[in-house]
Amino acid sequence: MNKYNVIRNTKYDYTGQSYSSIYPNLHRYPASMIPQIGIDILKEFNISSGSMLDPYCGSGTSFICGLECGIKKMTGFDLNPLAVLISKAKFTKLKLKEIENSYILLRNNVFEIMKNEKLINKIDIPEITNIYFWFSENVIKNLSIIKYCIDEFEDERIKNIFLVPFSETVRECSYTRNNEFKLYRMKPEEILNFNPDVVSFYFKKLNDAIECYKTFYLPKLKSDVLINIYSESFIKERKGYDVVLTSPPYGDSRTTVAYGQFSALSNEWLGINNARKIDGMLMGGKSISELFIDNCISESIYKIEKTDRKRALEVSSFYNDLNDSIKNVSKFINKNGIVIYIVGNRTVKNVLLPTDQFIAEAFEKNGFEHILTYERALSNKAMPSRNSPTNIAGKTVNTMLYEYIVVCKNTG
């Protein structure tokens, strides 16, 4: 039985809507919160000013919500460099003339190199894990040319908006199955017929990204808007925040949503040295030897242990990290500040994990008061919806059907 009351609220179902119903995304990213949720919950609590934090900002949905509601100062943190790149590209103010001039220069440079075999041979192929397993020689050559020309730009802000479509090109022109978030290779017969026009694909994606930025994001970036995004975990800050709006991971990345695997090839092409270790750095990524027993989640963990102690320890690792994160976040929320966590209650080994209850309890232990929890139907988030608790082929169950909006207040 729930300790904290849960209200089924169909207003937040958004049946038939998706992320792009109001804001096209610059780049595909797994399990992104749809902006409609954040916008409506901020409006419900009349939050239109102050400073906002997202400690797991992903591709930046919370910042869209803040801007739509009038919040001008926001800060985000994420350990995945690709997520930070996408967020920075969306929320960094650029002059359109700068983008246009840089676009022309980039296009000229790419085609100039492509005409000159000597110039092509001088470009180093980046160190990508099993590069010829994931890419054809022709794709590698063209990706290397584009990346070389992007790297010629000294302005990091300009470089970011050109790197986002480059990342999409890396994924779309690789041998990966693009309907998967994990790294799976195409079937051999599919590879035989796969010969993408890398340069044309990239410039189409770049045009789309620039148009999207110009139409949807740039108009919101007024002179008094300040959005800072950091490629690190939220551990300590010198300032306080008035509101937190976030959607943390639902479980460890290896068995829930594989953020690291999804981003691995892009991050390697972007020059990230630890690209293959991202999943191990995220919540629940490190191995532990003791079960997590300090919260309402412990009963579910004990049930999992009866079937599989290894999985129980993996689940414990995630909740241990989430608990530590909530402790850290709690220290930097101003009195009367509101925290809004959008979470899912996943199922592991046929055991439901009440993450919404866990979060409410964790914040109450840190001086907050639980205000409300809404339940919404989970029908519009791109993520795995089923898993195999017994590891028997074909025998799967729903991992989650609902999402929960947990709201707590710092009563000091």
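Read on for a plain summary of the structure.

Cut-offs used in this document
- Per chain, residues are indexed from 1 in the order of the written sequence.
- Residues qualify for local features only when their pLDDT is at least 70, as the model is predicted, and side-chain atom pairs are given and counted only at 80 or more; totals for whole chains, interfaces and linings, by contrast, use all residues.
- By convention in this description, side-chain values take in all heavy atoms of the structure and omit both hydrogens and water.
- Within 6.5 Å between ring centres, the rings of Phe, Tyr and Trp (the latter by its six-membered ring) count as paired, and their orientation is classed by plane angle as stacked under 30 degrees, edge-to-face over 60, tilted in between.
- Helix and strand assignments come from DSSP, with helices taken as H or I runs of at least 4 residues and strands as E runs of at least 2, each series counted from the N terminus.
- For each residue, the accessible area found with a 1.4 Å probe, counting protein chains only, is set against the maximum for its type, and the residue is called buried under 20%, exposed over 50%, and partly exposed in between.
- Any Lys NZ or Arg CZ that is within 6 Å of a ring centre and within 35 degrees of that ring's normal is treated as a charge sitting over the ring.
- Here, residues are in contact when the closest pair of their heavy atoms is within 4.5 Å.
- The angle between two axes is taken between their N-to-C directions and runs from 0 to 180 degrees, where each axis is a line fitted to C-alpha atoms and a helix contributes only its stretch in contact.
- Any angle that is under 35 degrees is reported as roughly parallel, and any over 145 degrees as roughly antiparallel; angles of 65 to 115 degrees are reported as roughly perpendicular and all others as oblique.
- Should the near helix be turned anticlockwise from the far one by less than a right angle, the crossing is left-handed, and should it be turned clockwise, the crossing is right-handed.

Here the structure, examined in full by the defined rule, presents 23 aromatic pairs. Look at phenylalanine 166 and tryptophan 269: their rings are 6.1 Å apart centre to centre, the planes differ by 70°, and that puts the pair in the edge-to-face class. Of this pair, phenylalanine 166 sits in helix 8 (residues 156-172) while tryptophan 269 sits in helix 11 (residues 259-269); the two residues are 103 residues apart in sequence, bridging distant segments of the chain. The class for phenylalanine 166 is buried, based on a relative accessible area of 0%. When the ring of phenylalanine 318 is compared with that of tyrosine 319, the centres are 5.0 Å apart and the planes differ by 80°; the resulting orientation is edge-to-face. Accessibility assignment for this pair places phenylalanine 318 and tyrosine 319 in one class, buried. One aromatic cluster in this structure is built from Tyr23, Phe63, Phe91, Phe216 and Tyr217. In this structure, arginine 107 packs its charged tip against the face of phenylalanine 203, placed 4.7 Å from the ring centre. Looking at arginine 185, its charged tip hangs above the ring of phenylalanine 133, at a distance of 4.2 Å from the centre.

Another point: the environment of leucine 322. Structurally, leucine 322 can be placed in helix 14 (residues 309-330). The contacts of leucine 322, once residues within four sequence positions are left out, are Tyr56, Met283, Thr355, Phe358 and Ile359.

The subject of this paragraph is the packing of helix 8 against helix 11. The relative placement of two packed helices is expressed as an angle between their axes plus a distance between the axes. One can describe the packing of helix 8 onto helix 11 by two numbers: an axis separation of 9 Å at closest approach and a directional angle of 120°. Considering their axes alone, helix 8 and helix 11 lie oblique with respect to each other. For the pair helix 8 and helix 11, the crossing hand works out as right-handed. Contacts between helix 8 and helix 11 involve Phe166, Ser167, Val170 and Arg171 from the first element and Phe262, Leu265, Ser266 and Trp269 from the second.

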